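Breakdown of the fold
Next come the chains, spelled out residue by residue.
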Amino acid sequence: INLSTTVGAVSLNSCIYNASGPKCTTKEELENIGKSFSAAILTKSSTLELRTGNPSPRYFENELGSINSMGLPNQGYQFYADLATSMQQYNKPYFISVAGLSLENNLVMLKHLNQVDNIDAIELNLSCPNVPGKPQTGYDFERTQQVLDQVCKFDRHSLGIKLPPYFDLIHFRQMADIINQYPIKFVTCVNSIGNGLVIDVNTEQVVIKPKNGFGGVGGDYIKPTALANVRQFYLLLRDDIDIIGSGGAKNGSDVFEHILCGASAVQIGTQYMREGANCFERIEKELKNLMAQKNYQSIDDFKGKLQSIS
Ligand code: RRO
């Protein structure tokens, strides 16, 4: 059984890797991903300058998932660029996530990263929900078009975008019509569901400190929304744009569902945070077992082949 796949022009030995966010901020965390079964190394979203992020507690999880308002803590994009050569030792692609606080910042970062070797792709985050006063670009269609107009000029590295979840069929179509105009190589669906609220009944309190408890929701809570977004964009985007699934995948069966909806690869966020880097080997085994039961040899045997009820 072969789990190999592609993310844009980049080849991966397996279709499972880390989502940007959990445990991918420091050199040690990225090395850990390098040593694991993760098919790629994807960094925490980076900004022009180092950020310490929002005050703690800023992450909480329960049996159903997670809520976070990290506020983009990261070492600054240059740190992740400087790691690119040493990350080559792990013989897997190295992806940098970029989440500038302005279009101008994104352009500065992409222009510089364009000159750096050994970066296999950039995932431009258009969907951070947690920086007070900064709207999610992906919910502003006009703004998204302006951003893509500019960022697509820097295309030496494979460029993909990370989208927020959408909930209306018209919005899927509007966003797909915009993306289809640009040389985007992959689209990652989805970021956390923004500005949810998790409450502790005992204390009658919110569970995270920033923004009075409002934060991005991940894990089981969001799997149906993530699958719907993967499916919609798989059906609406150009054939040469790969869909990367992200949202609620914690076992082989969840990854299978994402691929059935059309994902070429699947990222693990909340479950990687919970379990650590051993999750990649476990989930890979589970996916292979499920494929064996179904007599599938490769991802292409079932990718996108979700059936409707006739
Ligand atoms: O750092 C964060 O607060 C954060 C980001 Br940039 C993001 O894209 N998604 C998220 O759930 N948290």
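Going by the structure above, here's the rest.
Description of the structure in this document. It should be emphasised that the depicted structure is a prediction, and the values quoted were computed from it without experimental measurement.

As for the sheet that holds strand β14 (residues 214-218)
Taken in spatial order, the 4 strands of this open sheet run β5-β6-β14-β11, and their pairing is antiparallel. Looking at the sheet topology across the chains shown, the edges are occupied by β5 (59-62) and β11 (193-197). Averaged over all adjacent pairs, the angle separating strand axes in this sheet is 35°, with direction ignored.

Details of the pattern of salt bridges
The tally for this structure, following the rule as stated, stands at 10 salt bridges. Among the ionic pairs, lysine 250 bridges to aspartate 220, the shortest N-O distance being 2.9 Å. Residue lysine 250 is found in the loop between β15 (242-246) and α8 (252-261), and its partner aspartate 220 is found in the loop between β14 and α7 (223-236); the two are separated by 30 residues along the sequence. The exposure class assigned to aspartate 220 is partly exposed, which follows from its relative accessible area of 28%. Close ionic contact of glutamate 257 with lysine 223 constitutes a salt bridge, the shortest N to O distance being 2.8 Å. Residue glutamate 257 is located in helix α8, and its partner lysine 223 is located in helix α7; the two are separated by 34 residues in the primary sequence.

Topic: the packing of aromatic side chains
Within a pair of aromatic rings, the relevant descriptors are the distance that separates the centres and the angle that separates the planes. Applying the stated rule across the entire model yields 12 aromatic pairs. An angle of 40° between the planes, with centres 5.3 Å apart, marks the rings of tyrosine 272 and phenylalanine 280 as tilted. Tyrosine 272 sits in the buried class, given a relative accessible area of 2%. An angle of 25° between the planes, with centres 5.2 Å apart, marks the rings of tyrosine 296 and phenylalanine 302 as stacked. Connected via pairs of aromatic rings, a cluster forms that spans Tyr139, Phe141, Tyr166, Phe172 and Phe233. The residue whose ring lies beneath lysine 23 is tyrosine 272, and the NZ or CZ to ring-centre distance is 5.9 Å.

A look at the packing of helix α6 (residues 169-179) against α7
Direction vectors running N to C along α6 and α7 enclose 50°, while the axes themselves pass 10 Å from each other. By the angle between their directions, the pair α6 and α7 is classed as oblique. In terms of crossing hand, the pair formed by α6 and α7 is right-handed. In this structure, α6 contributes Leu169, Phe172, Arg173, Met175, Ala176 and Ile179 to the contact, and α7 contributes Ala228, Asn229, Gln232, Phe233 and Leu236. The residue inventory of the contact of α6 with α7, partitioned by class, reads 8 nonpolar, 2 polar and 1 charged.

Let's talk about the nonpolar core
When a protein is soluble and globular, its nonpolar side chains tend to lie buried together. Judged by nonpolar contacts, the single largest core of 90 residues is most densely connected at Tyr17, Val151, Ile179 and Phe233. Looking at this core element by element, the count peaks at 6 residues for helix α10 (residues 279-293). Excluding residues within four positions of it along the chain, isoleucine 179 makes contact with Leu148, Ile161, Leu163, Ile184, Val187, Phe233, Leu237, Arg238 and Ile241.

Here we look at the side chain of glutamine 271
Looking at the element boundaries, glutamine 271 is found in helix α9 (residues 270-275). Among the residues examined, glutamine 271 registers a relative accessible area of 10% and is labelled buried. Among the polar contacts made by the side chain of glutamine 271, one reaches the side chain of arginine 274 at a distance of 2.9 Å. Side-chain polar atoms of glutamine 271 contact the side chain of glutamate 275, separated by 2.7 Å.

Considering the site of the ligand
Within the structure, the ligand sits among Lys44, Asn68, Met70, Gly71, Leu72, Pro73, Asn125, Cys128, Pro129, Asn130, Asn191 and Ser192. In this structure, an oxygen atom belonging to the ligand sits 3.2 Å away from a main-chain N or O atom of methionine 70. Side-chain polar atom of asparagine 130 to an oxygen atom of the ligand: 2.9 Å apart, as the coordinates give it. Protein contacts shield 92% of the accessible area of the ligand, which totals 320 Å² for the unbound molecule. In this structure the site holding the ligand corresponds to the largest pocket. Classifying every residue of the shell around the ligand by side-chain character gives 5 nonpolar, 6 polar and 1 charged.

Cut-off values and rules
- Residues numbered from 1 in each chain as written.
- Predicted model: local features only at pLDDT ≥ 70, side-chain atom pairs only at ≥ 80, totals over all residues.
- Heavy atoms only, no water.
- Pairing = 2+ DSSP bridges.
- Helix = DSSP H or I, 4+ residues; strand = E, 2+ residues; numbered from the N terminus.
- Axes fitted to C-alpha atoms, helices over the stretch in contact; angles between N-to-C directions.
- Salt bridge = Lys/Arg side-chain N within 4 Å of Asp/Glu carboxyl O.
- Buried < 20%, exposed > 50% of the residue type's maximum accessible area, 1.4 Å probe, protein only.
- Phe/Tyr/Trp six-rings, centres within 6.5 Å; stacked < 30°, edge-to-face > 60°.
- Lys NZ or Arg CZ within 6 Å of the ring centre and 35° of its normal.
- Parallel < 35°, antiparallel > 145°, perpendicular 65-115°, else oblique.
- Left-handed = near helix turned anticlockwise from the far one by under 90°.
- Contact = heavy atoms within 4.5 Å.
- Nonpolar A, V, L, I, M, F, W, Y, C, P; charged D, E, K, R; others polar.
- Core = buried A, V, L, I, M, F, W, Y, C linked by side-chain atoms within 4.5 Å.
- Polar contact = N/O pair within 3.5 Å; in protein donor to acceptor, adjacent residues only side chain to side chain.
- Near = heavy atom within 4 Å.
- Areas by Shrake-Rupley, 256 points an atom, 1.4 Å probe, with all protein chains shown as cover.
- 1 Å grid on protein atoms, 1.4 Å probe; cavity = no way out; pocket = protein on both sides within 12 Å on 5 of 7 lines; lining within 4 Å.
- Sits in = over half its atoms within 2 Å of the grid points.

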